[in-house]
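Structural overview
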Amino acid sequence: MISIAKPLMSEEEKQGVLEVLDSGMLAQGPKVEALEEAFADYCGVKHAIATSSGTTALHVALLAHEIGEGDEVITSPFTFISSANSILFTGAEPVFVDIDPVTFNIDAEQIEQAITPRTKAIMPIHLFGLTADMGRIMAIAEEHDLAVIEDACQAHGAEYRNQRAGSFGTGCFSFYPTKNMTTGEGGMITTDDDAVAHQCQAIRQHGMRRRYYHEELGYNFRMTDIHAAIGLAQLQKLERFNEARIANARFMSQHLEGVVTPTVPDGSRHVFHQYTVRVPDGQRDALAEHLKANDVGYGIYYPVPVHRQTLYTETLGYDVSMPEAERASQEVLSLPVHPALSEGDLHAIVEAVNSAC
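Summarised in this report is the structure supplied together with it. (Residues numbered from 1 in each chain as written. Predicted model: local features only at pLDDT ≥ 70, side-chain atom pairs only at ≥ 80, totals over all residues. Heavy atoms only, no water.)

Within the structure shown, the criterion is met by 22 salt bridges. A salt bridge links Arg136 to Glu109, with the shortest nitrogen-to-oxygen separation between them at 3.4 Å. Remark: Glu109 occurs in the loop between strand S3 (93-96) and strand S4 (119-123) and Arg136 occurs in helix H5 (residues 134-144); sequence separation between them is 27 residues. What you see here is one network of salt bridges that share partners, running through Glu159, Arg164, Glu239, Glu243 and Arg269. (Salt bridge = Lys/Arg side-chain N within 4 Å of Asp/Glu carboxyl O. Helix = DSSP H or I, 4+ residues; strand = E, 2+ residues; numbered from the N terminus.)

What follows is the structure in structure tokens.
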């Protein structure tokens, strides 16, 4: 079976973990600090704050921007549910804006009509490794004095007009095992704002700004040095991993037939966390079965948009129509694109898709 994802670990990651175990400094320590410095430099920002997951990164970033009860945050319904749920964690309300059917990202041209006096922030999601339309989004945010919290959990190294994801507003990344780089589990917040950075640092560690002095409510959202040691090794390989993903995606786009392949807008660097195609005419399930029969892994991200999840419809009472997100949820299918694919794997994926379509 050609897997949909495959984390790549080698001696560098193993040696880093062993060094931490030998040091006795297992919790948040020098490896975490080193990863924060290296990741901030990679993204082109002043600060990076490590957390225990991408979800906690989003939660902390929202709190650091003082988003809470009664506030609204504009975001996309076509994403993993943690994006919207992190807004709920603060007591604020997610307000959904439909997606661009070509990029699968939030349709920036629809954002302004969703702004109300309660709107506090915009949370664009850089889905599948492609940045949202950050030029338009940042202009809207500046005009309406809104914070921008980038959900860059799938976009390590993605770029919009030569600027890295996570460097426009306050960025949030995930290091889950399937991501373009991993720490096993973990997250990161990126920002140029000193005040936001210091607030994030306090919130992720029980509200402490100095040891055992707690000035506000915080959480235990720290990263361990074990995870950071893996991340340091992975970060050194990230560009090589990304270039392999881009090359694999290029090969498939050149050879696939019968499906709608991903579009990369001018001025964008898509790092293909997922290689996601559209399968029109109600044929997605048939293609999925054919791929399975031919030992090709696949993923459907996401079969139910957030605003149609039971939590949102029945518990929270959401009753909104997002036609493009709803249509995409019935047509998308992701194919393997990870760096571990061989040339033979790529040919097998293409042959399996083309023979079905």
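Moving on, we come to empty space enclosed by the protein. Across all of its chains, the model carries 1 cavity of 30 Å³ or more by this definition. Taken as a whole, the largest cavity holds about 150 Å³ of empty space. What lines the largest cavity is a set of 19 residues, and nearest its centre among them are Lys6, Pro7, Thr178, Lys179 and Arg245. In terms of residue class, the lining of the largest cavity is built from 9 nonpolar, 7 polar and 3 charged. (1 Å grid on protein atoms, 1.4 Å probe; cavity = no way out; pocket = protein on both sides within 12 Å on 5 of 7 lines; lining within 4 Å. Points joined across faces, edges and corners; volume = space filled by probe spheres on them. Nonpolar A, V, L, I, M, F, W, Y, C, P; charged D, E, K, R; others polar.)

Strand order in the open sheet formed by 7 strands is S1-S9-S8-S5-S4-S2-S3, with mixed pairing between adjacent strands. Each edge of the sheet is formed by a strand with only one pairing partner; in this case those strands are strand S1 (47-51) and S3. Between one strand axis and the next, the sheet turns by 25 degrees as a mean value, whatever way the strands run. By the bridge criterion, 3 bridges tie strand S5 (residues 147-151) to strand S8 (residues 170-174) in an arrangement that is parallel. Following the sheet pairing, Glu150 is matched in S8 by Gly171. The strands that helix H6 (residues 194-203) touches are S1, S8 and strand S9 (187-191); relative to S1, the one it contacts most, it runs at about 20 degrees. (Pairing = 2+ DSSP bridges. Axes fitted to C-alpha atoms, helices over the stretch in contact; angles between N-to-C directions. Contact = heavy atoms within 4.5 Å.)

Time to look at helix H3 (residues 54-64). Structural remark: α-helix, 3.6 residues per turn; residues separated by three or four positions point the same way. Of all 11 residues in H3, 9 are buried; the element is thus mostly enclosed. For H3, every residue scored as buried is listed here: Gly54, Thr56, Ala57, Leu58, His59, Val60, Ala61, Leu62 and Ala64. Backbone geometry just downstream of H3 places Glu66 in the positive-phi region, at approximately 60 degrees. (Buried < 20%, exposed > 50% of the residue type's maximum accessible area, 1.4 Å probe, protein only.)

Taken N-terminus to C-terminus, the directions of helix H7 (residues 225-255) and helix H11 (residues 343-356) make an angle of 30 degrees; their axes are 10 Å apart at the nearest point. The handedness of the crossing between H7 and H11 is right-handed. Contacts between H7 and H11 involve Asn248, Phe251, Met252 and His255 on the former and, on the latter, Leu346, His347, Ile349, Val350 and Asn354. The residue makeup of the contact of H7 with H11, split by class, is 5 nonpolar, 4 polar and no charged. (Left-handed = near helix turned anticlockwise from the far one by under 90°.)

Along strand S13 (residues 275-278), one buried face is formed by Tyr275 and Val277 and the opposite face, lined by Thr276 and Arg278, is buried too. Two elements, S13 and strand S14 (residues 332-335), share 4 bridges in a ladder whose sense is antiparallel. Within the sheet, the bridge partner assigned to Val277 lies in S14 and is Leu333.

Glancing now at the packing of aromatic side chains. According to the stated counting rule, one finds 15 aromatic pairs in the structure shown. Note on Phe39 and Tyr42: the rings are 6.2 Å apart at their centroids and 35 degrees apart in plane angle, and the pair reads as tilted. Of the two residues, Phe39 and Tyr42 both sit in helix H2 (residues 30-43), 3 residues apart, roughly one turn of that helix. As far as burial versus exposure is concerned, Phe39 and Tyr42 are alike and both buried. Where Tyr312 meets Tyr318, the ring centres are 5.2 Å apart and the plane angle is 70 degrees; that geometry is what we call edge-to-face. For Tyr312, a relative accessible area of 0% translates into the label buried. (Phe/Tyr/Trp six-rings, centres within 6.5 Å; stacked < 30°, edge-to-face > 60°.)

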